[in-house]
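# Observations on the three-dimensional arrangement
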Amino acid sequence: MKRVTVIGGGTMGNGIAHVCAQGGLDVTLVDLDADALERGLQTIRKNLERQAKKGRIEASEVEATLGRIRGETDVATGVAQADLVVEAVPEKAELKYSLFRTLDEAAPESAILASNTSSISITEIAARTNRPERVIGMHFMNPVPVMQLVEVIRGLATSDETTEAVMALSRDLGKTPVEVNDFPGFVSNRVLMPMINEAVFALMEGVAEPEAIDTVMKLGMNHPMGPLTLADLIGLDTCLNILEVLHRELGDDRYRPSPLLRKYVAAGWLGRKSGRGFYTYDA
């Protein structure tokens, strides 16, 4: 695979484009919103320059990497020559289903269609296409340029060939891929989200303040950051969407989203990206 198209210029999309271009691939970053696309490209530049300043890459690599990325606002044009398409749009099932129908029609027959979904069934996404054997989950962790894990999710019809190709590409990008089967939340969010949700319940019930809850988990459980800080980083709307999928698909009330989480999302307190979540952030 030489040509990769990433759909969505947001936090995950621009991170995936960054890593693919840094790995030597030709990348097309697609976003229907020209302003969002420009913000995504500027974020990639900023993050590359930060890597160079810290000595993690050579200064010459910044422009070389950016030279392998082009922006596009039309999905069909953006995927027309892709070997791999990675979808990174918001975590809403109907949005992804509709997009994959479009990708199936517009991308070459040989192209692999991957979703960066963190909880939605790959089998159900693949069923919206005529190539279910070439549809797979490629769940990167945030922030993509830093985190090593890629959760590779096989749908019911995903072929061995597709899985092996995505596992190999992930390794070529310097990541550690882990193969998992299609199940709500996969491994990462099935384990992580109940912890975050329980931390929000503890806050709602007045057990402790946010700083105290996070400190207990950092110092007592050796976590690099507390669950409420992590929720703010992920985005509280994304956390809520994942928990709703887990609750609906597994039918177990242990995944019922905390009312306080719902209230924060309704208020627009989405975490770092909105400037306020469980903590407040500078613009």
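Residues numbered from 1 in each chain as written. Predicted model: local features only at pLDDT ≥ 70, side-chain atom pairs only at ≥ 80, totals over all residues. Heavy atoms only, no water.

The condition that has to hold: UniProt positions are given in the numbering used here, feature names are shortened, and annotations may be inferred rather than shown by experiment.
Going by what an unreviewed UniProt entry lists, the protein is known as 3-hydroxybutyryl-CoA dehydrogenase and is assigned to Gaopeijia maritima. Listed in UniProt under the heading Sequence similarities (unreviewed entry), the comment for the protein reads: "Belongs to the 3-hydroxyacyl-CoA dehydrogenase family."

## Things to note about the sheet that holds strand β2 (residues 26-30)
Consider a sheet: its strands pair through backbone hydrogen bonds, and that pairing is either parallel or antiparallel. Just so we agree on the cut-off: Here the rule is simple: two strands pair whenever DSSP picks up at least two bridges between them. Strands are runs of DSSP state E lasting at least 2 residues, helices are runs of H or I lasting at least 4, and numbering of each runs from the N terminus. The angle between two axes is taken between their N-to-C directions and runs from 0 to 180 degrees, where each axis is a line fitted to C-alpha atoms and a helix contributes only its stretch in contact. Throughout, a residue-residue contact means that at least one pair of heavy atoms, one from each residue, lies within 4.5 Å.
Spatially, eight strands are ordered β3-β2-β1-β4-β5-β6-β7-β8 in an open sheet, and the strand pairing comes out mixed. In the strand order of this sheet, the two ends are held by β3 (69-72) and β8 (176-181), each with one partner. Strand-to-strand twist of the sheet, defined as the mean angle between neighbouring strand axes without regard to direction, takes the value 25 degrees. Strands in contact with helix α5 (residues 93-106) are β1 (3-7), β4 (84-87), β5 (112-115) and β6 (135-140); relative to β5, the strand with the most contacts, it is inclined by about 165 degrees. Those strands touched by helix α7 (residues 160-172) are β4, β5, β6, β7 (149-154) and β8, and its axis lies near 175 degrees from that of β7.

## Examining the side chain of asparagine 47
Convention followed: Whether a residue is buried, partly exposed or exposed follows from its accessible area with a 1.4 Å probe, protein chains only, as a fraction of its type maximum: under 20%, in between, or over 50%, in that order. Identification of polar contacts relies on pairs of N or O atoms within 3.5 Å, with a donor-acceptor requirement for protein atoms, meaning one able to donate a hydrogen and the other able to accept it, and with residues adjacent in sequence counted only if both atoms are side-chain atoms.
Position of asparagine 47 relative to the elements: it lies in helix α2 (residues 34-53). Owing to a relative accessible area of 19%, asparagine 47 belongs among the buried residues under this scheme. Within the structure, asparagine 47 has its side chain in polar contact with the side chain of arginine 50 (distance 2.7 Å).

## As for the layout of surface pockets
Just so we agree on the cut-off: Throughout, the protein atoms alone are placed on a 1 Å grid, and a set of points is a cavity if a 1.4 Å probe fits but cannot get out or a pocket if it is open with protein on both sides within 12 Å along at least five of seven lines; lining residues have an atom within 4 Å of a point. Grid points are joined across faces, edges and corners, and a volume is the space filled by probe spheres set on the points. Three categories are distinguished: nonpolar for Ala, Val, Leu, Ile, Met, Phe, Trp, Tyr, Cys and Pro, charged for Asp, Glu, Lys and Arg, and polar for the others, with Gly belonging to the last.
Considered as a void within the structure, the second largest pocket measures approximately 180 Å³ in volume. Residues belonging to the lining of the second largest pocket are distributed by class as follows: four nonpolar, five polar and four charged.

## Digging into the packing of aromatic side chains
Think of a pair of aromatic rings as described by two things: how far the centres are apart, and how the planes are tilted against each other in angle. Put simply, the test is: Only centres within 6.5 Å qualify two rings of Phe, Tyr or Trp (six-membered ring in Trp) as a pair; their planes then separate them into stacked at under 30 degrees, edge-to-face at over 60, and tilted for everything else. Geometrically, a charge over a ring is one whose NZ (Lys) or CZ (Arg) sits within 6 Å of the ring centre while staying within 35 degrees of the ring normal.
For the structure shown, the criterion picks out two aromatic pairs. Residues tyrosine 264 and tryptophan 269 carry aromatic rings whose centres are separated by 5.1 Å and whose planes lie at 75 degrees to one another, so their mutual orientation is edge-to-face. According to the relative accessible area criterion, tryptophan 269 is partly exposed, its value standing at 27%. A ring pair is formed by tyrosine 264 and phenylalanine 278, whose centres lie 5.2 Å apart and whose planes are at 35 degrees; its orientation type is tilted. Here tyrosine 264 is found in helix α12 (residues 259-266), whereas its partner phenylalanine 278 is found in the segment after α12, with 14 residues between them in sequence. Of the two residues examined, tyrosine 264 and phenylalanine 278, each falls in the buried class. Three or more aromatic residues link up through ring pairs in this structure, and these residues are Tyr264, Trp269 and Phe278. A cation sits over an aromatic face here: arginine 128 above tyrosine 97, 3.7 Å from the ring centre. For the cation-ring pair, arginine 276 lies above tryptophan 269, with the distance from its terminal atom to the ring centre recorded as 3.6 Å.

## Here we look at the environment of glutamate 244
Its location among the elements puts glutamate 244 in helix α11 (residues 236-250). Glutamate 244 gets classed as partly exposed once you look at its relative accessible area, which sits at 27%. Separated by 96 residues in the primary sequence, glutamate 244 and glutamine 148 have C-alpha atoms spaced 27 Å apart. When near neighbours in sequence (up to four residues on either side) are disregarded, glutamate 244 contacts Pro257 and Arg262.

## Focus: the pattern of salt bridges
We apply this condition: The working definition used for a salt bridge is a side-chain nitrogen of Lys or Arg within 4 Å of a carboxyl oxygen of Asp or Glu.
For the structure shown, the criterion picks out 13 salt bridges. Ionic pairing is found between arginine 45 and glutamate 63, a salt bridge with its closest N-O pair at 2.8 Å. You can see arginine 45 sitting in helix α2 and its partner glutamate 63 sitting in helix α3 (residues 59-66), a full 18 residues away along the chain. Here arginine 45 falls in the partly exposed class, since its relative accessible area comes to 27%. Glutamate 244 is paired through a salt bridge with arginine 262; the nearest N and O atoms lie 2.8 Å apart. Of this pair, glutamate 244 sits in helix α11 while arginine 262 sits in helix α12, and the two are 18 residues apart along the sequence. For arginine 262, a relative accessible area of 36% gives the class partly exposed. Shared partners join several salt bridges into a network, and the residues in it are Arg45, Glu49 and Glu63.

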